[in-house]
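Close look at the chain arrangement
Listed here are the chains, written in short residue letters.
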Amino acid sequence: MKKGIHPENYRPVVFKDMSNGDMFLSRSTAKTTETVEFEGETYPVVKLEISSSSHPFYTGKSKLVDTAGRVDKFMSRYARSRK
């Protein structure tokens, strides 16, 4: 890795998929205030809504992750417009 091309805060960060709880370690400059214990070490954590471990394209399952009720809201609007 070349010296001086990465920002100062480029560090190991744990990314946590909130839909299924899976975590993986990578390097990032993402700002976060929370930490988590991962493989015996404490790292900053970035919470994700969806990752490759829960996305239907990668899992092969038709699983719908709807945390804010967006699908229901769309379906109710769509039903009104079809009448």
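No experiment lies behind these values; they were computed from the predicted model shown. (Residues numbered from 1 in each chain as written. Predicted model: local features only at pLDDT ≥ 70, side-chain atom pairs only at ≥ 80, totals over all residues. Heavy atoms only, no water.)

**Focus: the overall build of the protein chain**
Applicable threshold: Secondary structure elements follow DSSP: runs of H or I no shorter than four residues count as helices, runs of E no shorter than two count as strands, and numbering proceeds from the N terminus. Contacts between residues were defined by any pair of non-hydrogen atoms, one from each residue, lying within 4.5 Å. Under the convention used here, a 1.4 Å probe and the Shrake-Rupley method define accessible areas, while residue burial counts only the protein chains that appear.
Helix and strand content of the protein chain: two helices and four strands. Secondary structure elements of the protein chain occur, N-terminal to C-terminal, as β-β-β-β-α-α. For the protein chain, restricting intrachain contacts to residue pairs at least 6 apart in sequence, the fraction spanning at least 24 positions comes to 33%. Working note: accessible area of the protein chain is about 6900 Å², and carbon and sulfur atoms make up 52% of it.

**Notes on the sheet that holds strand E2 (residues 23-28)**
Going by this rule: The criterion for strand pairing is that DSSP finds at least two bridges linking the strands in question. Fitted lines through C-alpha atoms serve as axes, helices being fitted only where they are in contact, and the angles separating the N-to-C directions of these axes extend from 0 to 180 degrees.
The sheet built from four strands is open, its strands ordered E2-E1-E4-E3 with mixed pairing. With one partner strand each, in any of the chains shown, E2 and strand E3 (35-38) form the two edges of the open sheet. Ignoring strand direction, the axes of neighbouring strands in this sheet form an average angle of 50°. Looking at chain direction, strand E1 (residues 11-17) and E2 are connected through six bridges and run antiparallel. Residue pairing for E2: Pro12 is matched across the bridge by Arg27.

**Some thoughts on the pairing of E1**
Within a regular beta strand, the side chains point alternately toward one face of the sheet and then the other, so they alternate between its two faces. The turn linking E1 back onto E2 is made up of five residues, and Gly21 within it adopts a positive phi angle of 85°. Bridging between E1 and strand E4 (residues 41-48) involves four bridges; their strand directions are parallel. Pairing of Lys16 across the sheet is with Lys47, part of E4.

**Points about unusual backbone geometry**
For the record, the criterion: Only protein chains enter the accessibility calculation, which uses a 1.4 Å probe. A residue is then buried if its area is under 20% of the maximum for its type, exposed if over 50%, and partly exposed in between.
Positive phi is not limited to glycine here, since Glu39 has a value of about 55°. Structurally, the position occupied by Glu39 is in the loop between E3 and E4. A relative accessible area of 69% means that Glu39 is categorised as exposed.

**Quick word on the pattern of salt bridges**
Defined as follows: Whenever Lys or Arg places a side-chain nitrogen within 4 Å of a carboxyl oxygen from Asp or Glu, that contact is recorded as a salt bridge.
Counted according to the given criterion, the structure contains one salt bridge. The salt bridge partner of Glu34 is Lys47, with a shortest N-O separation of 3.0 Å. Placement of the pair is Glu34 in the loop between E2 and E3 and Lys47 in strand E4, with a sequence separation of 13 residues. For Glu34, a relative accessible area of 40% translates into the label partly exposed. The exposure class of Lys47 is partly exposed, given its relative accessible area of 46%.

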